[in-house]
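Results of the structural survey
Each chain, written out:
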Amino acid sequence: MLGVLLLWTAAVVSVTASGVVKPHFPSFDERLFSVEGATVRKAHPHVSLETLHKGSHELYRKVSRAPVTELHEVVFVIKGRNLDKLQELVHDISNPSSVNYGDYLSHQELVDLTSNLESAEHVQNYLLQIPGVESVRTTEHADFVVARAPISVWEEHLHCQFHVYELKQEHKPARLAQKPVNVIRATEYHIETPLVGHVDYVFNTIHFPPPPVAEPVHSSIKPEVITQDILISGFVTPDLLVKTYGIDRSLGNNKVDQAVYATGNDTFFGPGDLTSFFNYFSLPPNDALQVGGNRGDDGQCASNPDGCMEGNLDLQYIMSTAPHVPTTFYFWPGQDFLLDMLVQVNSLSAPPEVLSISYGTDESYVTPSYAASFNVQAMKLAARGTTLVAASGDDGVAGQNVRFDSLMCGYRPIFPATSPYVLAVGGSMGPERGGVEVACQGDKGGTITSGGGFSNLYPTPDYQQAAVNGYFALTQSSPPQKGYNQAGRAYPDISALASNYVIFMSQALTAVSGTSASAPVVAGMISLINAARSGIGKGTLG
(Lines give C-alpha, C1' and ligand atoms only; values in the text may rest on other atoms or scores of the structure.)
Protein backbone atom coordinates (compact mmCIF):
# COMPACT_ATOMS: atom_id res chain seq x y z
CA MET A 1 0.00 0.00 0.00
CA LEU A 2 1.45 3.34 -1.01
CA GLY A 3 1.39 6.00 1.70
CA VAL A 4 1.34 9.71 0.91
CA LEU A 5 2.29 12.42 3.36
CA LEU A 6 0.57 15.74 2.80
CA LEU A 7 1.92 19.00 4.24
CA TRP A 8 -1.06 21.36 4.37
CA THR A 9 -1.47 24.82 5.71
CA ALA A 10 -4.24 27.36 5.51
CA ALA A 11 -3.96 30.40 3.31
CA VAL A 12 -3.26 33.78 4.87
CA VAL A 13 -5.98 36.25 3.85
CA SER A 14 -5.30 39.93 3.26
CA VAL A 15 -7.58 42.77 2.16
CA THR A 16 -6.34 45.37 -0.29
CA ALA A 17 -7.19 49.10 -0.05
CA SER A 18 -9.95 48.60 -2.63
CA GLY A 19 -11.52 45.89 -0.49
CA VAL A 20 -10.42 42.94 -2.64
CA VAL A 21 -9.74 39.82 -0.60
CA LYS A 22 -6.40 38.15 -1.63
CA PRO A 23 -5.38 34.75 -0.26
CA HIS A 24 -1.62 34.08 0.19
CA PHE A 25 -0.39 30.52 0.34
CA PRO A 26 2.96 30.16 2.19
CA SER A 27 5.86 28.80 0.18
CA PHE A 28 7.55 25.52 1.11
CA ASP A 29 10.46 27.42 2.73
CA GLU A 30 8.04 29.54 4.76
CA ARG A 31 6.27 26.43 6.00
CA LEU A 32 9.55 24.65 6.69
CA PHE A 33 11.03 27.44 8.77
CA SER A 34 7.79 28.04 10.66
CA VAL A 35 8.34 24.70 12.39
CA GLU A 36 9.15 25.16 16.05
CA GLY A 37 12.91 25.20 16.67
CA ALA A 38 13.84 25.92 13.05
CA THR A 39 15.99 28.91 12.16
CA VAL A 40 14.27 31.61 10.16
CA ARG A 41 16.53 32.14 7.15
CA LYS A 42 16.68 35.62 5.68
CA ALA A 43 19.28 35.09 2.99
CA HIS A 44 19.84 34.90 -0.73
CA PRO A 45 18.46 32.02 -2.79
CA HIS A 46 20.72 28.97 -2.83
CA VAL A 47 22.23 27.13 -5.82
CA SER A 48 23.45 23.51 -5.79
CA LEU A 49 26.95 22.90 -7.16
CA GLU A 50 27.36 19.12 -6.89
CA THR A 51 25.69 15.99 -5.59
CA LEU A 52 26.68 13.46 -2.96
CA HIS A 53 29.36 10.99 -4.04
CA LYS A 54 28.14 7.61 -2.81
CA GLY A 55 31.50 5.87 -3.17
CA SER A 56 33.12 7.81 -0.34
CA HIS A 57 29.92 8.37 1.66
CA GLU A 58 29.44 4.61 2.06
CA LEU A 59 32.80 4.33 3.86
CA TYR A 60 31.22 6.02 6.87
CA ARG A 61 28.33 5.49 9.26
CA LYS A 62 26.27 8.33 10.69
CA VAL A 63 26.82 8.78 14.43
CA SER A 64 24.88 11.88 15.52
CA ARG A 65 23.82 15.39 14.64
CA ALA A 66 26.80 17.77 14.65
CA PRO A 67 26.83 20.20 17.61
CA VAL A 68 25.63 23.53 16.22
CA THR A 69 28.19 25.48 18.27
CA GLU A 70 31.18 23.45 17.09
CA LEU A 71 33.61 25.30 14.83
CA HIS A 72 33.97 23.82 11.37
CA GLU A 73 36.33 24.84 8.56
CA VAL A 74 35.12 24.82 4.96
CA VAL A 75 37.11 25.50 1.82
CA PHE A 76 35.68 27.52 -1.07
CA VAL A 77 37.35 26.48 -4.33
CA ILE A 78 37.67 29.63 -6.44
CA LYS A 79 36.95 29.42 -10.17
CA GLY A 80 40.31 29.30 -11.95
CA ARG A 81 41.36 31.43 -14.89
CA ASN A 82 42.83 30.14 -18.15
CA LEU A 83 42.85 26.51 -17.07
CA ASP A 84 42.54 25.40 -20.68
CA LYS A 85 45.65 27.44 -21.52
CA LEU A 86 47.43 25.99 -18.50
CA GLN A 87 46.68 22.45 -19.67
CA GLU A 88 47.90 23.21 -23.18
CA LEU A 89 51.05 24.83 -21.82
CA VAL A 90 51.85 21.91 -19.49
CA HIS A 91 51.51 19.39 -22.30
CA ASP A 92 53.82 21.49 -24.47
CA ILE A 93 56.61 22.25 -21.99
CA SER A 94 56.57 18.66 -20.66
CA ASN A 95 57.08 17.13 -24.10
CA PRO A 96 60.79 16.50 -24.83
CA SER A 97 60.02 16.72 -28.56
CA SER A 98 58.71 20.28 -28.23
CA VAL A 99 60.94 23.29 -28.83
CA ASN A 100 59.40 24.69 -25.63
CA TYR A 101 60.39 21.72 -23.47
CA GLY A 102 61.59 22.93 -20.08
CA ASP A 103 60.41 26.50 -20.60
CA TYR A 104 58.76 26.61 -17.18
CA LEU A 105 56.85 29.48 -15.63
CA SER A 106 58.08 31.60 -12.77
CA HIS A 107 55.97 31.94 -9.66
CA GLN A 108 54.69 35.31 -10.80
CA GLU A 109 53.99 34.15 -14.34
CA LEU A 110 51.85 31.32 -13.00
CA VAL A 111 49.95 33.72 -10.74
CA ASP A 112 49.37 36.10 -13.64
CA LEU A 113 48.07 33.28 -15.85
CA THR A 114 45.76 31.42 -13.48
CA SER A 115 44.94 33.32 -10.30
CA ASN A 116 41.43 34.73 -10.01
CA LEU A 117 42.18 37.42 -7.46
CA GLU A 118 38.92 39.28 -8.06
CA SER A 119 36.74 36.26 -7.27
CA ALA A 120 38.84 35.31 -4.26
CA GLU A 121 38.52 38.83 -2.88
CA HIS A 122 34.78 38.84 -3.56
CA VAL A 123 34.28 35.52 -1.74
CA GLN A 124 36.47 36.57 1.18
CA ASN A 125 34.65 39.87 1.63
CA TYR A 126 31.27 38.15 1.36
CA LEU A 127 32.18 35.64 4.06
CA LEU A 128 33.58 38.32 6.36
CA GLN A 129 30.21 40.07 6.53
CA ILE A 130 28.38 36.92 7.68
CA PRO A 131 27.73 37.09 11.45
CA GLY A 132 29.49 34.28 13.28
CA VAL A 133 32.31 33.65 10.80
CA GLU A 134 35.42 33.66 12.97
CA SER A 135 38.24 33.59 10.40
CA VAL A 136 38.73 33.82 6.66
CA ARG A 137 41.99 33.42 4.74
CA THR A 138 42.96 33.12 1.09
CA THR A 139 45.73 30.76 0.01
CA GLU A 140 48.87 31.79 -1.85
CA HIS A 141 47.57 31.62 -5.43
CA ALA A 142 44.01 32.61 -4.52
CA ASP A 143 42.74 29.15 -5.42
CA PHE A 144 41.06 28.57 -2.07
CA VAL A 145 39.31 30.71 0.52
CA VAL A 146 39.30 28.90 3.87
CA ALA A 147 36.71 29.96 6.47
CA ARG A 148 35.91 28.85 10.01
CA ALA A 149 32.53 29.26 11.70
CA PRO A 150 30.12 27.37 13.95
CA ILE A 151 28.06 24.61 12.35
CA SER A 152 24.91 26.70 12.77
CA VAL A 153 26.33 29.40 10.49
CA TRP A 154 27.20 26.95 7.72
CA GLU A 155 23.84 25.20 8.00
CA GLU A 156 22.09 28.51 7.40
CA HIS A 157 24.31 29.81 4.62
CA LEU A 158 24.97 26.48 2.86
CA HIS A 159 21.36 25.34 3.32
CA CYS A 160 22.24 21.92 4.73
CA GLN A 161 22.49 19.81 7.86
CA PHE A 162 25.79 18.51 9.27
CA HIS A 163 26.24 15.22 11.11
CA VAL A 164 29.12 13.41 12.76
CA TYR A 165 30.23 10.36 10.76
CA GLU A 166 32.70 7.63 11.72
CA LEU A 167 34.92 5.74 9.29
CA LYS A 168 33.80 2.11 9.27
CA GLN A 169 36.20 -0.30 10.96
CA GLU A 170 36.96 -2.29 7.81
CA HIS A 171 38.25 0.82 6.04
CA LYS A 172 40.62 2.07 8.74
CA PRO A 173 44.38 1.86 8.16
CA ALA A 174 45.98 -0.65 10.55
CA ARG A 175 47.65 2.05 12.63
CA LEU A 176 44.23 3.61 13.31
CA ALA A 177 42.32 0.38 13.85
CA GLN A 178 41.73 1.04 17.55
CA LYS A 179 40.98 4.75 17.20
CA PRO A 180 37.74 6.51 16.19
CA VAL A 181 38.08 8.39 12.91
CA ASN A 182 35.29 10.97 12.83
CA VAL A 183 34.40 13.73 10.39
CA ILE A 184 31.63 16.33 10.23
CA ARG A 185 29.87 16.25 6.89
CA ALA A 186 26.55 16.91 5.13
CA THR A 187 24.84 15.07 2.29
CA GLU A 188 24.10 18.18 0.25
CA TYR A 189 24.97 21.86 0.18
CA HIS A 190 24.03 25.01 -1.75
CA ILE A 191 25.82 28.32 -2.15
CA GLU A 192 24.11 31.68 -2.05
CA THR A 193 23.60 33.40 -5.39
CA PRO A 194 26.19 36.21 -4.85
CA LEU A 195 28.86 33.47 -4.87
CA VAL A 196 27.71 31.89 -8.14
CA GLY A 197 30.30 32.39 -10.85
CA HIS A 198 33.07 32.80 -8.28
CA VAL A 199 33.08 29.36 -6.61
CA ASP A 200 33.44 25.89 -8.16
CA TYR A 201 32.96 23.79 -5.03
CA VAL A 202 32.88 23.99 -1.25
CA PHE A 203 35.01 21.30 0.40
CA ASN A 204 34.51 19.79 3.85
CA THR A 205 30.79 19.64 3.13
CA ILE A 206 29.72 16.49 1.24
CA HIS A 207 33.27 15.27 0.59
CA PHE A 208 33.99 12.26 2.80
CA PRO A 209 37.75 11.79 3.18
CA PRO A 210 38.98 8.59 1.55
CA PRO A 211 41.31 6.57 3.81
CA PRO A 212 44.97 6.90 2.79
CA VAL A 213 46.94 3.70 2.23
CA ALA A 214 50.70 3.78 2.83
CA GLU A 215 51.56 0.84 5.01
CA PRO A 216 54.44 -1.18 3.55
CA VAL A 217 54.52 -4.85 4.43
CA HIS A 218 57.41 -5.39 6.83
CA SER A 219 59.33 -8.07 8.71
CA SER A 220 62.32 -8.03 11.04
CA ILE A 221 65.80 -9.10 10.00
CA LYS A 222 68.13 -10.78 12.45
CA PRO A 223 70.54 -8.12 13.78
CA GLU A 224 73.55 -10.35 13.13
CA VAL A 225 72.95 -10.29 9.38
CA ILE A 226 75.67 -8.18 7.75
CA THR A 227 75.63 -6.12 4.59
CA GLN A 228 77.39 -8.72 2.46
CA ASP A 229 74.88 -11.38 3.46
CA ILE A 230 71.95 -9.07 2.73
CA LEU A 231 73.22 -8.48 -0.79
CA ILE A 232 73.00 -12.20 -1.61
CA SER A 233 69.97 -13.07 0.48
CA GLY A 234 67.09 -11.55 -1.44
CA PHE A 235 67.06 -8.00 -0.04
CA VAL A 236 67.21 -4.57 -1.68
CA THR A 237 69.92 -2.23 -0.41
CA PRO A 238 71.30 1.12 -1.66
CA ASP A 239 74.23 -0.67 -3.29
CA LEU A 240 71.98 -3.13 -5.10
CA LEU A 241 70.00 -0.20 -6.54
CA VAL A 242 73.24 1.41 -7.74
CA LYS A 243 74.26 -1.85 -9.39
CA THR A 244 70.83 -2.53 -10.94
CA TYR A 245 70.13 0.93 -12.33
CA GLY A 246 73.63 2.37 -12.84
CA ILE A 247 72.99 5.19 -10.35
CA ASP A 248 75.78 7.78 -10.05
CA ARG A 249 75.33 9.30 -6.60
CA SER A 250 78.07 11.87 -7.22
CA LEU A 251 75.70 13.82 -9.51
CA GLY A 252 73.75 15.24 -6.55
CA ASN A 253 74.14 18.91 -5.61
CA ASN A 254 72.34 21.64 -3.69
CA LYS A 255 71.03 23.45 -6.76
CA VAL A 256 67.86 21.37 -6.74
CA ASP A 257 65.50 20.12 -4.02
CA GLN A 258 63.52 16.97 -3.34
CA ALA A 259 60.79 16.11 -0.86
CA VAL A 260 58.59 13.32 0.43
CA TYR A 261 55.03 13.81 1.62
CA ALA A 262 53.56 12.36 4.80
CA THR A 263 50.21 12.68 6.53
CA GLY A 264 48.48 11.47 9.67
CA ASN A 265 48.85 12.87 13.17
CA ASP A 266 51.00 9.92 14.27
CA THR A 267 53.49 10.08 11.36
CA PHE A 268 57.17 10.80 12.09
CA PHE A 269 60.65 9.76 10.99
CA GLY A 270 63.71 8.82 13.04
CA PRO A 271 66.79 11.08 12.59
CA GLY A 272 68.87 8.53 14.51
CA ASP A 273 67.70 5.75 12.19
CA LEU A 274 68.64 7.87 9.18
CA THR A 275 72.17 8.39 10.51
CA SER A 276 72.53 4.69 11.37
CA PHE A 277 71.31 3.73 7.89
CA PHE A 278 73.93 5.91 6.22
CA ASN A 279 76.68 4.62 8.49
CA TYR A 280 75.66 0.96 8.17
CA PHE A 281 75.76 1.00 4.39
CA SER A 282 78.89 3.21 4.20
CA LEU A 283 77.04 5.79 2.16
CA PRO A 284 78.87 8.94 1.05
CA PRO A 285 78.79 11.88 3.48
CA ASN A 286 75.50 13.65 2.95
CA ASP A 287 75.15 17.41 3.16
CA ALA A 288 71.41 16.97 3.50
CA LEU A 289 71.12 14.73 6.56
CA GLN A 290 69.49 17.68 8.29
CA VAL A 291 66.04 17.07 6.87
CA GLY A 292 63.68 20.00 6.45
CA GLY A 293 60.45 19.70 8.41
CA ASN A 294 59.76 19.19 12.10
CA ARG A 295 58.62 15.56 12.29
CA GLY A 296 61.93 13.96 13.23
CA ASP A 297 61.50 12.27 16.61
CA ASP A 298 63.42 9.15 17.66
CA GLY A 299 61.31 8.86 20.81
CA GLN A 300 58.07 8.71 18.81
CA CYS A 301 59.57 6.07 16.53
CA ALA A 302 60.58 3.95 19.52
CA SER A 303 57.10 4.09 21.06
CA ASN A 304 55.14 3.89 17.78
CA PRO A 305 57.19 2.10 15.09
CA ASP A 306 54.25 1.83 12.69
CA GLY A 307 53.94 5.62 12.68
CA CYS A 308 57.56 5.94 11.49
CA MET A 309 57.74 3.08 9.01
CA GLU A 310 56.70 5.11 5.97
CA GLY A 311 58.72 8.20 6.87
CA ASN A 312 61.89 6.19 7.50
CA LEU A 313 61.50 4.20 4.28
CA ASP A 314 60.88 7.28 2.14
CA LEU A 315 63.73 9.35 3.56
CA GLN A 316 66.34 6.60 3.79
CA TYR A 317 65.92 5.67 0.14
CA ILE A 318 65.33 9.02 -1.53
CA MET A 319 68.39 10.38 0.31
CA SER A 320 70.63 7.35 -0.25
CA THR A 321 69.73 7.48 -3.95
CA ALA A 322 70.41 11.21 -4.26
CA PRO A 323 72.96 12.26 -1.62
CA HIS A 324 73.81 15.96 -1.38
CA VAL A 325 70.36 16.99 -2.63
CA PRO A 326 68.54 19.04 0.06
CA THR A 327 65.54 17.03 1.23
CA THR A 328 62.34 18.05 2.99
CA PHE A 329 59.87 15.86 4.87
CA TYR A 330 56.57 17.60 4.16
CA PHE A 331 54.05 16.75 6.81
CA TRP A 332 50.44 17.88 6.66
CA PRO A 333 48.15 16.66 9.44
CA GLY A 334 44.46 16.04 9.31
CA GLN A 335 42.09 13.28 8.32
CA ASP A 336 41.69 14.48 4.76
CA PHE A 337 45.08 13.80 3.21
CA LEU A 338 44.10 14.87 -0.31
CA LEU A 339 42.58 18.22 0.62
CA ASP A 340 45.34 19.01 3.10
CA MET A 341 47.94 18.42 0.42
CA LEU A 342 46.09 20.53 -2.15
CA VAL A 343 45.85 23.53 0.16
CA GLN A 344 49.43 23.31 1.39
CA VAL A 345 51.14 22.64 -1.94
CA ASN A 346 49.28 25.60 -3.36
CA SER A 347 50.79 27.77 -0.63
CA LEU A 348 54.42 26.94 -1.46
CA SER A 349 56.15 29.87 -3.11
CA ALA A 350 59.13 27.65 -3.97
CA PRO A 351 58.02 24.00 -4.36
CA PRO A 352 60.65 21.24 -4.63
CA GLU A 353 61.65 20.02 -8.06
CA VAL A 354 60.56 16.49 -7.08
CA LEU A 355 57.80 15.51 -4.63
CA SER A 356 57.26 11.83 -3.83
CA ILE A 357 53.82 10.67 -2.64
CA SER A 358 53.56 7.19 -1.12
CA TYR A 359 49.87 7.55 -0.30
CA GLY A 360 46.92 6.59 -2.42
CA THR A 361 43.30 5.58 -2.23
CA ASP A 362 40.68 3.78 -4.28
CA GLU A 363 39.82 5.98 -7.26
CA SER A 364 36.12 5.26 -6.75
CA TYR A 365 36.30 7.02 -3.36
CA VAL A 366 37.47 10.31 -4.91
CA THR A 367 34.77 12.82 -5.79
CA PRO A 368 34.96 14.41 -9.25
CA SER A 369 35.51 17.80 -7.61
CA TYR A 370 38.49 16.49 -5.62
CA ALA A 371 40.00 14.88 -8.68
CA ALA A 372 39.56 18.08 -10.69
CA SER A 373 41.13 20.23 -7.96
CA PHE A 374 44.05 17.83 -7.55
CA ASN A 375 44.77 17.96 -11.27
CA VAL A 376 44.71 21.76 -11.31
CA GLN A 377 47.34 21.82 -8.54
CA ALA A 378 49.38 19.10 -10.26
CA MET A 379 49.32 21.09 -13.52
CA LYS A 380 50.47 24.21 -11.70
CA LEU A 381 53.40 22.34 -10.20
CA ALA A 382 54.22 20.87 -13.61
CA ALA A 383 54.12 24.35 -15.13
CA ARG A 384 56.90 25.32 -12.71
CA GLY A 385 59.02 22.24 -13.43
CA THR A 386 58.07 20.03 -10.47
CA THR A 387 57.68 16.28 -10.92
CA LEU A 388 54.99 14.64 -8.80
CA VAL A 389 55.83 10.99 -8.19
CA ALA A 390 53.05 8.72 -6.88
CA ALA A 391 53.10 5.08 -5.75
CA SER A 392 50.78 2.83 -7.76
CA GLY A 393 49.65 0.61 -4.85
CA ASP A 394 50.51 -2.86 -3.55
CA ASP A 395 47.43 -4.96 -4.37
CA GLY A 396 47.53 -5.47 -8.12
CA VAL A 397 44.45 -4.38 -10.05
CA ALA A 398 42.14 -5.10 -7.11
CA GLY A 399 43.13 -2.28 -4.75
CA GLN A 400 43.48 -2.46 -0.99
CA ASN A 401 39.87 -3.48 -0.22
CA VAL A 402 40.58 -7.06 -1.26
CA ARG A 403 42.76 -7.34 1.85
CA PHE A 404 39.61 -7.21 3.98
CA ASP A 405 37.05 -8.87 1.75
CA SER A 406 37.72 -11.27 -1.12
CA LEU A 407 34.34 -10.33 -2.58
CA MET A 408 35.82 -6.88 -3.33
CA CYS A 409 38.18 -8.40 -5.87
CA GLY A 410 37.89 -6.59 -9.19
CA TYR A 411 39.36 -3.68 -11.10
CA ARG A 412 39.86 -0.82 -8.62
CA PRO A 413 42.39 1.82 -9.80
CA ILE A 414 44.42 3.81 -7.25
CA PHE A 415 44.42 7.63 -7.07
CA PRO A 416 46.46 9.87 -7.40
CA ALA A 417 48.56 7.39 -9.43
CA THR A 418 45.83 7.49 -12.09
CA SER A 419 46.10 11.26 -12.50
CA PRO A 420 47.58 12.15 -15.91
CA TYR A 421 49.70 14.82 -14.20
CA VAL A 422 51.77 12.55 -11.97
CA LEU A 423 54.48 10.01 -12.68
CA ALA A 424 52.99 6.76 -11.39
CA VAL A 425 55.59 4.30 -10.09
CA GLY A 426 54.93 0.58 -9.88
CA GLY A 427 56.94 -2.25 -8.36
CA SER A 428 59.28 -4.86 -9.79
CA MET A 429 61.34 -7.73 -8.41
CA GLY A 430 64.08 -10.13 -9.49
CA PRO A 431 67.55 -8.55 -9.17
CA GLU A 432 67.45 -8.85 -5.36
CA ARG A 433 67.44 -12.62 -5.91
CA GLY A 434 69.86 -12.58 -8.81
CA GLY A 435 67.11 -12.84 -11.42
CA VAL A 436 65.79 -10.67 -14.22
CA GLU A 437 63.54 -7.73 -13.42
CA VAL A 438 59.82 -8.47 -13.75
CA ALA A 439 56.62 -7.06 -12.27
CA CYS A 440 56.42 -7.58 -8.51
CA GLN A 441 53.95 -10.37 -7.71
CA GLY A 442 52.99 -11.57 -4.25
CA ASP A 443 52.31 -15.13 -5.42
CA LYS A 444 55.79 -15.30 -6.98
CA GLY A 445 57.68 -14.34 -3.83
CA GLY A 446 57.48 -10.56 -4.22
CA THR A 447 55.54 -10.02 -0.96
CA ILE A 448 53.33 -7.43 -2.69
CA THR A 449 51.76 -7.20 -6.14
CA SER A 450 52.39 -3.98 -8.02
CA GLY A 451 49.34 -1.81 -8.48
CA GLY A 452 48.38 -1.01 -12.05
CA GLY A 453 45.59 -0.92 -14.58
CA PHE A 454 43.40 1.68 -16.24
CA SER A 455 41.70 4.73 -14.78
CA ASN A 456 37.94 5.10 -14.71
CA LEU A 457 38.23 8.89 -14.42
CA TYR A 458 40.71 9.84 -17.15
CA PRO A 459 41.04 8.83 -20.80
CA THR A 460 44.21 7.41 -22.32
CA PRO A 461 46.50 10.39 -23.06
CA ASP A 462 48.03 10.69 -26.50
CA TYR A 463 51.54 9.96 -25.25
CA GLN A 464 50.40 6.53 -23.96
CA GLN A 465 48.37 5.39 -26.93
CA ALA A 466 51.15 3.47 -28.71
CA ALA A 467 52.16 1.63 -25.54
CA VAL A 468 48.54 0.79 -24.68
CA ASN A 469 47.90 -0.51 -28.19
CA GLY A 470 51.02 -2.64 -27.88
CA TYR A 471 49.76 -4.08 -24.59
CA PHE A 472 46.40 -5.02 -26.07
CA ALA A 473 48.16 -6.64 -29.04
CA LEU A 474 50.27 -8.76 -26.69
CA THR A 475 47.23 -9.92 -24.71
CA GLN A 476 45.01 -10.82 -27.68
CA SER A 477 45.63 -14.54 -27.29
CA SER A 478 44.93 -14.48 -23.55
CA PRO A 479 43.01 -11.28 -22.76
CA PRO A 480 42.32 -10.16 -19.18
CA GLN A 481 38.83 -10.64 -17.80
CA LYS A 482 36.38 -7.93 -18.78
CA GLY A 483 35.49 -5.12 -16.41
CA TYR A 484 38.27 -2.59 -16.83
CA ASN A 485 38.20 0.65 -18.81
CA GLN A 486 40.15 -0.02 -21.98
CA ALA A 487 39.95 3.66 -22.89
CA GLY A 488 41.39 4.84 -19.55
CA ARG A 489 44.73 6.34 -18.60
CA ALA A 490 47.12 3.43 -18.06
CA TYR A 491 49.36 3.21 -15.01
CA PRO A 492 52.06 2.83 -13.75
CA ASP A 493 54.29 4.85 -16.05
CA ILE A 494 57.53 3.34 -14.73
CA SER A 495 58.56 0.72 -12.18
CA ALA A 496 61.46 -0.03 -9.84
CA LEU A 497 62.31 -2.70 -7.29
CA ALA A 498 59.68 -2.91 -4.56
CA SER A 499 60.34 -6.12 -2.59
CA ASN A 500 62.36 -6.55 0.62
CA TYR A 501 63.98 -3.15 1.16
CA VAL A 502 66.29 -3.03 4.16
CA ILE A 503 65.72 -0.02 6.42
CA PHE A 504 66.65 1.00 9.93
CA MET A 505 63.67 1.14 12.28
CA SER A 506 64.19 1.94 15.98
CA GLN A 507 67.89 1.09 15.53
CA ALA A 508 67.11 -2.39 14.17
CA LEU A 509 67.14 -3.78 10.65
CA THR A 510 63.72 -4.29 9.08
CA ALA A 511 62.67 -5.40 5.61
CA VAL A 512 59.75 -3.60 3.96
CA SER A 513 58.02 -4.00 0.62
CA GLY A 514 55.76 -1.79 -1.45
CA THR A 515 55.55 0.78 -4.21
CA SER A 516 56.02 3.28 -1.39
CA ALA A 517 59.63 2.06 -1.60
CA SER A 518 60.02 2.25 -5.37
CA ALA A 519 58.43 5.73 -5.59
CA PRO A 520 61.07 7.58 -3.49
CA VAL A 521 63.85 5.69 -5.29
CA VAL A 522 62.59 6.90 -8.67
CA ALA A 523 62.18 10.39 -7.17
CA GLY A 524 65.81 10.28 -6.06
CA MET A 525 66.96 9.24 -9.53
CA ILE A 526 65.05 12.15 -11.04
CA SER A 527 66.77 14.46 -8.54
CA LEU A 528 70.15 13.24 -9.76
CA ILE A 529 69.18 13.96 -13.36
CA ASN A 530 67.88 17.39 -12.36
CA ALA A 531 71.12 18.10 -10.52
CA ALA A 532 73.20 17.07 -13.54
CA ARG A 533 71.10 19.23 -15.84
CA SER A 534 71.43 22.18 -13.50
CA GLY A 535 75.21 21.86 -13.74
CA ILE A 536 75.07 22.53 -17.49
CA GLY A 537 72.47 25.27 -17.32
CA LYS A 538 69.40 23.20 -18.17
CA GLY A 539 66.07 23.04 -16.41
CA THR A 540 64.48 20.14 -14.56
CA LEU A 541 62.95 17.07 -16.19
CA GLY A 542 59.47 18.17 -15.15
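For the structure, see preceding data.
My aim in this report is to walk through the structure given alongside it, one point at a time. (Residues numbered from 1 in each chain as written. Predicted model: local features only at pLDDT ≥ 70, side-chain atom pairs only at ≥ 80, totals over all residues. Heavy atoms only, no water.)

Details of the sheet that holds strand β4 (residues 60-65)
Hydrogen bonds between backbone groups are what pair the strands of a sheet, and the pairing can be parallel or antiparallel. What counts, and what does not: For two strands to pair, DSSP has to find at least two bridges joining them. Helix and strand definitions follow DSSP, with helices as H or I runs of at least four residues and strands as E runs of at least two, each counted in order from the N terminus. Interaxial angles span 0 to 180 degrees and are taken between N-to-C directions of axes, which are lines fitted to C-alpha atoms, for helices over the stretch in contact.
Strand order in the open sheet formed by three strands is β4-β8-β9, with antiparallel pairing between adjacent strands. The open sheet is flanked by β4 and β9 (182-185), the only strands paired with a single partner. In this sheet, adjacent strand axes meet at a mean angle of 35° when their direction is disregarded. Pairing analysis gives five bridges linking β4 to strand β8 (residues 163-167), with the strands arranged antiparallel. Residue Lys62 lies in a different strand from β8, and its bridge partner there is Tyr165.

Structural notes on the state of the cysteines
Which entries qualify depends on this criterion: Our working definition of a disulfide is a cysteine sulfur pair at a distance within 2.5 Å. Exposed residues in this analysis have more than 50% of their type's maximum accessible area, buried residues have under 20%, and partly exposed residues fall in between, with area computed by a 1.4 Å probe over protein chains only.
Under the criterion given, the structure shown has one disulfide. Disulfide partner of Cys301: Cys308, at an S-S distance of 2.0 Å. Here the S-S torsion is close to -85°, and the disulfide linking Cys301 with Cys308 is therefore left-handed. Exposure remark for Cys301: the relative accessible area of 1% places this residue in the buried category.

Overview of unusual backbone geometry
With an omega of 10°, the peptide bond running from Phe415 to Pro416 counts as cis. Mapped onto the elements, Pro416 comes out in the loop between β18 (414-415) and β19 (423-429). In this model, Tyr491 is joined to Pro492 through a cis peptide bond whose omega is 5°. If you trace the backbone, Pro492 turns up in the loop between β22 (488-491) and β23 (494-497). For His324, which is not glycine, the phi dihedral falls at a positive 75°. Position of His324 among the secondary structure elements: in the loop between α11 (305-321) and β14 (327-332).

Quick notes on the environment of Arg185
Put simply, the test is: What makes two residues a contact is simply this: any of their non-hydrogen atoms within 4.5 Å.
Along the chain, the position of Arg185 falls in strand β9. The sequence separation of Arg185 and Asn204 amounts to 19 residues, and the corresponding C-alpha distance is 6.6 Å. Beyond its immediate stretch of four places on either side in the chain, Arg185 contacts His72, Gln161, Phe162, His163, Tyr165, Asn204, Thr205, Ile206, His207, Phe208, Pro209 and Asp336.

Quick word on the sheet that holds strand β7 (residues 144-150)
One open sheet holds the four strands; their spatial order is β6-β7-β5-β11, and the pairing between them is antiparallel. For this open sheet the edge positions go to β6 (135-138) and β11 (199-203), each flanked by a neighbour on one side alone. Between one strand axis and the next, the sheet turns through 20° on average, direction left out of account. Note: strand β5 (residues 71-78) against β7, seven bridges, orientation antiparallel. Note on β7: the bridge partner recorded for Leu71 is Pro150. On top of the sheet, helix α5 (residues 117-128) reaches β5, β6, β7 and β11; it is set at about 175° to β6, its chief contact. Along the sheet, helix α13 (residues 368-383) makes contact with β5, β7 and β11, crossing β11 at roughly 110°.

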